[in-house]
Amino acid sequence: MMTSKDSCQFKYQKPFLSAFKPLISAIESLATPKRMLLASALAGLLLSGCQSTTTNDLKGSTPYQTSTRPTSDRNLDQQEIARVRTSLAAQYIRKNELDTAQRQLEKAFAADSRYAPAYDMMGVLLQQEGSRINLEKADQYFKKAIALDKDFEQAHNNYGVYLSQMKRYKEAAAQFEIAGAALGYEGRIGALENLGRTYLQLDDHPAAAKAFLRALDGNRNSIIAHIELVDLLLEQQRVQQAQRLYDETLILVQGQGISPRLLLQGIKIAAAQNNKTTRQQLAQQLLSAYPLSDEAKQLKTWLNNPEAPWK
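Everything in this summary refers to the structure shown in the same document.

Rules used in this analysis
Residues numbered from 1 in each chain as written. Predicted model: local features only at pLDDT ≥ 70, side-chain atom pairs only at ≥ 80, totals over all residues. Heavy atoms only, no water. Helix = DSSP H or I, 4+ residues; strand = E, 2+ residues; numbered from the N terminus. Buried < 20%, exposed > 50% of the residue type's maximum accessible area, 1.4 Å probe, protein only. Polar contact = N/O pair within 3.5 Å; in protein donor to acceptor, adjacent residues only side chain to side chain. Axes fitted to C-alpha atoms, helices over the stretch in contact; angles between N-to-C directions. Parallel < 35°, antiparallel > 145°, perpendicular 65-115°, else oblique. Contact = heavy atoms within 4.5 Å. Nonpolar A, V, L, I, M, F, W, Y, C, P; charged D, E, K, R; others polar. Phe/Tyr/Trp six-rings, centres within 6.5 Å; stacked < 30°, edge-to-face > 60°.

**Quick look at the environment of T278**
Okay, so step 1: For T278, the position within the fold is in helix α14 (residues 276-289).
Okay, so step 2: Taking relative accessible area as the criterion, T278 reaches 29% and is therefore assigned partly exposed.
Okay, so step 3: Sequence separation between T278 and I267 is 11 residues, and the spatial gap between their C-alpha atoms is 7.4 Å.
Okay, so step 4: In this structure the side chain of T278 is engaged in a polar contact, spanning 3.1 Å, whose partner is the side chain of N275.

Shown next as structure tokens:
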């Protein structure tokens, strides 16, 4: 992931959605003034509690975002129906009920054929389904959403996620740059994190570092930016700066458990500072807690040849 810059995380279960299906049908059968009022009330129930919904983890997955914002002053009652349908589709997508989500989006298009968030959501749906045919179709839906509303930052971010998945990294970086430069956009930090990781795929580490620093400027609590910058600083042998950022990261993840990547970073920093005690403690923790991880394999390789560079 509403106002023009918000995203919503939908958490309702099937009974909640089913309860509103008769009401949606009733809304569509009413005369225009009544339909507009009821649709607005229903949208308020569905969309209360809007918040930022980027879903990041520490292993490199790229988040898409969901939005149901109005895009113009067109026939508002029809647009409100499209917004409700798109909201329902987002719920079904999150539960992987893609056929039901697709039917909701078709009804959204029928209500308002120029409602950009519905096209963006259809792109997300087709991308999540993942077949070759649907991945090809998704491209056109993202482009349509952006063509309908060039300032729709979420669609730029989601299109960037899609392009990154398709390994079209230069194009992805351009989309993330647009979303990441949009001041006031609530998903901006996530877009900058995506931009940094895309530049890593392009092996442009200076540009990646710049993107992660922009993310930190916007949100000092960005765990992704912290973790990626620690590795970039270690590559440059800026150990003291890496140590300070690593210490901040440990505070941010306190209570969440320490990941194998963070353990390996701690081992690298300790090794660079010739701190054998800390290095051994962290190495033992990594090998015990995550013996099959890629980080454990890297550690074992390095232990067999400490003079070799980390890979």
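After that view, the rundown keeps rolling.
**Some points on the packing of helix α13 (residues 260-272) against helix α15 (residues 294-304)**
Two packed helices can be described by the angle between their axes and the distance between those axes.
Okay, so step 1: Closest axis-to-axis distance for the α13/α15 pair is 9 Å, and the angle between their directions is 25 degrees. As summarised for this structure, α13 and α15 are arranged roughly parallel, according to the angle between their axes. Contacts from P260, R261, L264, I267 and A271 of α13 reach α15 at E295, Q298, L299 and W302.
Okay, so step 2: Residues of the contact of α13 with α15, tallied by class, amount to six nonpolar, one polar and two charged.

**Thoughts on unusual backbone geometry**
Okay, so step 1: With phi around 65 degrees, K167 is a residue other than glycine that occupies positive phi space.
Okay, so step 2: With respect to the helices, strands and loops of the structure, K167 is situated in the loop between α7 (153-165) and α8 (169-180).
Okay, so step 3: For N274, which is not glycine, the phi torsion reads 60 degrees and is therefore positive.
Okay, so step 4: You can see N274 is positioned in the loop between α13 and α14.
Okay, so step 5: For N274, a relative accessible area of 58% gives the class exposed.

**Notes on the packing of aromatic side chains**
Okay, so step 1: Counted under the stated rule, the structure contains six aromatic pairs.
Okay, so step 2: Seen in terms of ring centroids, Y159 and Y162 are 6.0 Å apart; in terms of plane orientation they differ by 15 degrees. Their pairing is stacked. Pair noted here: Y159 and Y162 are both in helix α7, with a separation of three residues, about one helical turn.
Okay, so step 3: Classification of Y159 by relative accessible area gives buried; the value is 6%.
Okay, so step 4: The class for Y162 is buried, based on a relative accessible area of 2%.
Okay, so step 5: Aromatic rings pair up to connect F109, Y119 and Y141 into one cluster.

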